[in-house]
Amino acid sequence: MKDLLLHICCAPCGGGCVDRPEMIAPGRRVELFYSNSNLDTAEEFARRLAEVRKLAAYCGLALTVDPYDHAAWLRAVAGSEAEPEGGARCRKCFDFSLRRTAERAAGSGRAFATTLTVSPRKSSRVLFDVGSQWADFEPIDFKKKDGYLRGCRFAAAQGYYRQNYCGCEFSRRRDEESKSNGKDGTVD
């Protein structure tokens, strides 16, 4: 089995993925790849990265950081800014992050996957469809066997920062609108 480059969006999601022998074969080398140019500010990027560094150290995993390039992400999702969460903008966002992960994994002999599948607010089916364009993409559904709950519990036990929006300014806007309408805006 090939080693795995695991795209990671944040420590809470990663915590529900990295210690999953039923998902990741024992003995398989896993490297985390933090790629989050979708985040609306460099400060949010740095805040989540600090927590991912703690997770990597705790689990003894290598971590590579993809440079923050929000302008490139904005170009990638242009025209879909008004789309609802889970719509065309999210698909473009998934493509952007998985493409960068695929480029990092290319030529290394590693497969790659993403922690995004752990979130109940992200469609694993869409992520798998987007990822299918690369031969080395592994469609691991980390939602299975309470992955999200495991990640939440792990993050709470470790004291990790848990964000309340996906990361982009468009999801933040939706979150703020939901709160003003009296809805819970927690998003992973």
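Draft legend 1. Just helix H3 (residues 70-77), in detail. What H3 keeps buried is the set His70, Ala72, Trp73 and Val77. Each buried residue of H3 sits inside an arc of 155 degrees when the element is viewed along its axis, so together they form one side. Positive phi appears at Gly79, one or two residues downstream of H3, with a value of about 95 degrees.

Draft legend 2. The sheet that holds strand S1 (residues 4-8), seen in detail. Reading across from one edge, S3-S2-S1-S4 is the order of the four strands in this open sheet, with parallel pairing throughout. Two strands bound the open sheet, and with one partner strand each, they are strand S3 (62-65) and strand S4 (111-114). Neighbour-to-neighbour, the strand axes of the sheet open up by a mean angle of 25 degrees, direction not taken into account. Sitting on the sheet, helix H2 (residues 42-59) is in contact with S1, strand S2 (30-34) and S3, with an inclination near 165 degrees to S3.

Draft legend 3. Here's a closer look at the confidence of the model for the protein. Confidence in the prediction of the protein, expressed as mean pLDDT, is 90, and 91% of residues score 70 or more. Within the model, the stretch residues 183-187 combines pLDDT values under 50 with 15 contacts to residues more than four positions away or in other chains.

Draft legend 4. A look at helix H5 (residues 124-131). Among the residues of H5, Ser124, Val126, Leu127, Val130 and Gly131 are the ones counted as buried. For H5, the angular spread of buried residues about the axis comes to 160 degrees, placing them on one side. For H5, the secondary structure elements touched by its buried residues are helix H4 (88-105) and S4.

Draft legend 5. Examining the pairing of S2 more closely. The buried fraction of S2 amounts to five of the five residues, a majority that puts the element mostly inside the structure. Burial along S2 is two-sided: Val30, Leu32 and Tyr34 and Glu31 and Phe33, pointing in opposite directions, are all buried. Taken together, S2, H2 and S3 constitute a β-α-β crossover, and its handedness is right-handed.

Draft legend 6. Here's a closer look at the nonpolar core. One finds Leu6, Phe112 and Phe142 to be the most contacted residues of the largest nonpolar core, which totals 42 residues. Those residues within four positions of Phe112 in sequence are excluded, and the remaining contacts are Leu4, Leu5, Leu98, Thr101, Ala102, Ala105, Trp134, Asp136, Phe137 and Glu138.

Draft legend 7. Local environment of the packing of H4 against H5. At a minimum axis distance of 10 Å, the contact between H4 and H5 shows a crossing angle of 50 degrees. In this view, H4 runs oblique relative to H5, as classed from their interaxial angle. Here the hand of the crossing between H4 and H5 comes out right-handed. Between H4 and H5, the contacting residues are Arg91, Phe94, Asp95 and Leu98 on the first element and Val126, Leu127, Asp129, Val130 and Gly131 on the second. Tallied by class, residues from the contact of H4 with H5 come to five nonpolar, one polar and three charged.

Draft legend 8. Broad picture of the pairing of S1. Summarising burial for S1: five of the five residues are buried, a large majority. Going residue by residue along S1, you find Leu4, Leu6 and Ile8 tucked away on one face and Leu5 and His7 tucked away on the opposite face as well. Direction of pairing for S1 relative to S2: parallel, over a ladder of five bridges. Across the sheet, the residue bridging to Leu6 is Leu32, located in S2.

Rules of the game
Residues numbered from 1 in each chain as written. Predicted model: local features only at pLDDT ≥ 70, side-chain atom pairs only at ≥ 80, totals over all residues. Heavy atoms only, no water. Buried < 20%, exposed > 50% of the residue type's maximum accessible area, 1.4 Å probe, protein only. Helix = DSSP H or I, 4+ residues; strand = E, 2+ residues; numbered from the N terminus. Arc of directions from axis to C-beta. Pairing = 2+ DSSP bridges. Axes fitted to C-alpha atoms, helices over the stretch in contact; angles between N-to-C directions. Contact = heavy atoms within 4.5 Å. pLDDT = per-residue confidence, 0-100. Right-handed = clockwise from strand over helix to strand, strands pointing away. Core = buried A, V, L, I, M, F, W, Y, C linked by side-chain atoms within 4.5 Å. Parallel < 35°, antiparallel > 145°, perpendicular 65-115°, else oblique. Left-handed = near helix turned anticlockwise from the far one by under 90°. Nonpolar A, V, L, I, M, F, W, Y, C, P; charged D, E, K, R; others polar.

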